[in-house]
Amino acid sequence: MKARTLKKDKVNIITMGCSKNLVDSEVMLTQLKGNGIDVSHESQQEDNNIVIINTCGFIDNAKQESVDTILQYVDAKEQGLVEKVYVTGCLSQRYKDDLEKEIPQVDAFFGTRDLPALLKKFKADYKHELVGERLLTHPSHYAYMKISEGCDRPCSFCAIPLMRGGHVSKPIEELVKEAEHKAANGTRELLLIAQDSTYYGLDLYKKRRLADLMTSLADVNGIDWVRLHYAYPTGFPMDVIDVMAEHPNICNYLDIPLQHGSSDVLKIMRRGTSREKQEDLIHSIREKIPGIAIRTTLIAGHPGEGEKEYQEMVDFVERMKFERLGVFTYSHEEDTHAFSMEDNIPEEEKQARANNLMEVQEQISFDLNQEKVGKTFKVLVDKKENGYFVGRTEFDSVEVDNEVLIDASKHYCRIGDFVDVKVNDATEFDLYGDVIS
């Protein structure tokens with residue numbers, strides 16, 4: 001009988017969903033590599049015999065995409081193309097029992113905080129000496145930094161607390177150590193992320209300490225930009241804006257999801273605020289930092305949003321003139337507070353409302369971009385594609401915001417470098433310019 005040669009496992013991690021999930025995948029990648037396991041992230045090679053799918057369970061579309069991906073790899077397993085399929089992340093945390101029944105071909109399901117149990121499947125240990133270290137899955141000049149996990153907010157529409165649990169802050173010293181490690185490996189920009197960054201520190205230090213954290217990170221040698229995401233508006237700590245104004249390497253950029261522009265709908269959403277309070281907050285922030293870029297997200301079609309409430313949201317957008325805006329359609333999620341309400345707005349109507357809001361925003365964005373023509377901005381170069389070097393100003397985050405396009409036939413830029421760019425043309429969401437230094 002012919003002896004069977006033992007082939008070494010090759011693992012491929014697939015990431016669905018948001019940047020917070022990407023960070024989890026990068027931690028997983030680091031831990032597996034630290035245990036001597038051959039692992040890659042979203043490899044195009046077809047020689048991986050084990051697949052780990054890090055799923056998203058946030059809204060219907062994301063859940064469907066995660067399920068489709070699981071089924072794709074289960075099919076590959078049945079064809080003998082892969083040997084094992086493991087599923088982790090938000091969808092797995094939320095629907096583990098259902099998924100085990102519906103897709104029994106998956107070898108094991110894990111929740112959002114089950115990394116040590118997943119590592120055991122590889123006879124690997126969770127290495128505490130690797131905490132703070134992370135292998136990045138994208139160019140190393142920027143890095144997402146998850147400052148906390150989970151959320152304590154009671155928002156009607158949101159299933160995140162069901163999947164991610166309650167709010168847990170990471171200690172400042174641990175995050176500073178992580179930032180120092182990143183800077184030593186070429187990272188120039190830190191993108192701070194959380195389910196709710198405004199809440200940072202309340203659990204650990206019994207007071208909000210986001211401003212202290214940002215000051216400590218701004219002081220790390222080699223970090224040129226610190227960027228703040230996912231700041232909840234209710235109870236927003238204004239000392240964060242003071243710190244932003246004091247430190248030139250903290251970007252004049254704030255991602256603050258407001259979710260609606262009608263006080264009645266905000267009440268139904270259990271957001272703990274009103275349209276008037278939100279407007280006062282935005283005015284206060286802009287007063288302290290003229291020229292700050294404010295990014296927000298809104299939800300169209302939440303239960304209780306009639307024509308009047310929707311129009312209030314349109315008026316809110318027209319008045320506030322947000323520099324950056326994203327719009328989601330409401331998704332009716334099991335076990336959330338809003339699930340007990342009637343989801344009575346047809347999907348087409350939700351989408352039409354979202355599209356209309358984005359048309360309003362396109363004009364605002366176009367007008368704001370036209371004001372930038374003739375001005376010079378510091379730009380971080382992210383990539384080269386379609387004959388352009390593509391970068392961002394301090395007013396833009398990765399993948400979700402505006403980009404600066406530099407003609408590669410006229411200029412040469414190094415990925416990860418800062419260059420000064422004079423803007424000579426602008427569209428709704430892009431700036432075109434020439435390098436002047």
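Residues numbered from 1 in each chain as written. Predicted model: local features only at pLDDT ≥ 70, side-chain atom pairs only at ≥ 80, totals over all residues. Heavy atoms only, no water.

Engineer: Even after reading the chapter, I still don't get the sheet that holds strand E15 (residues 388-392), so can you show me in this structure?
Structural biologist: Pairing between sheet strands relies on hydrogen bonds along the backbone, with the strands arranged either parallel or antiparallel. Taken together, the five strands give a closed barrel; going around it, the order is E14-E15-E16-E18-E17, and neighbouring strands pair in mixed fashion. Pairs of neighbouring strands in the sheet enclose a mean axial angle of 55°, with direction left out of account. As paired elements, strand E14 (residues 376-385) and strand E17 (residues 418-426) share five bridges and run antiparallel to each other. Looking across to E17, one finds that Leu-380 is bridged to Phe-418. (Pairing = 2+ DSSP bridges. Helix = DSSP H or I, 4+ residues; strand = E, 2+ residues; numbered from the N terminus. Axes fitted to C-alpha atoms, helices over the stretch in contact; angles between N-to-C directions.)

Engineer: Is there a simple way to think about the packing of aromatic side chains in this case?
Structural biologist: Ring pairs (aromatic) are described by centroid distance and by the angle formed between their planes. Within this structure, the stated rule accounts for eight aromatic pairs. Between Tyr-86 and Phe-110 the ring centres are 6.2 Å apart and the planes differ by 65°, which places this aromatic pair in the edge-to-face class. Of this pair, Tyr-86 sits in strand E4 (residues 84-89) while Phe-110 sits in the loop between strand E5 (108-109) and helix H4 (115-120), and the two are 24 residues apart along the sequence. We note that Tyr-86, like Phe-110, is buried. The interplanar angle of 90° and the centroid separation of 5.9 Å between the aromatic rings of Phe-389 and Tyr-412 together place this pair among those described as edge-to-face. Taken as a pair, Phe-389 in strand E15 and Tyr-412 in the loop between strand E16 (403-407) and E17 lie far apart in primary sequence, 23 residues in all. (Phe/Tyr/Trp six-rings, centres within 6.5 Å; stacked < 30°, edge-to-face > 60°. Buried < 20%, exposed > 50% of the residue type's maximum accessible area, 1.4 Å probe, protein only.)

Engineer: Looking at this model, I keep getting lost on the pairing of E15. Mind explaining?
Structural biologist: A regular strand places its side chains so that they alternate between the two faces of the sheet. Across the five residues that make up E15, a large majority, four, are buried. Here E14 pairs with E15 via five bridges, running antiparallel. In the sheet register, Lys-383 faces E15, and the bridge partner there is Val-390. If you look at the hairpin formed by E14 and E15, you'll find two residues sitting between the two strands, and Asn-386 has a positive phi there, around 50°. Where E15 meets E16, four bridges bridge the pair, whose relative direction is antiparallel. When the sheet's bridge partners are listed, Phe-389 is paired in E16 with Ile-406.

Engineer: Would you mind going over the nonpolar core with me for this structure?
Structural biologist: In a soluble, globular protein the nonpolar side chains are often hidden away together inside. Ile-147, Leu-192, Met-214, Leu-217, Phe-236 and Leu-254 are the most contacted members of the largest nonpolar core, which has 40 residues in total. Of all the secondary structure elements, the ones that give two or more residues to this core are helix H6 (172-184), strand E9 (189-193), helix H8 (210-218), strand E10 (225-228), helix H9 (239-246), strand E11 (250-255), helix H11 (275-288) and helix H12 (307-320). Top element by residues in this core is H8. It accounts for six residues. Residue contacts for Ile-147: discarding those within four places in its chain leaves Ser-169, Lys-170, Leu-175, Leu-192, Ile-193, Ala-194, Ser-197, Tyr-200, Leu-210 and Leu-213. (Core = buried A, V, L, I, M, F, W, Y, C linked by side-chain atoms within 4.5 Å. Contact = heavy atoms within 4.5 Å.)

Engineer: It is not clear to me how the side chain of Glu-309 should be interpreted in this structure. Could you clarify?
Structural biologist: Structurally, Glu-309 can be placed in helix H12. In this structure, Glu-309 is in contact with His-260, Ser-262, Asp-264, Val-265 and Gly-304, ignoring residues within four places of it in sequence.

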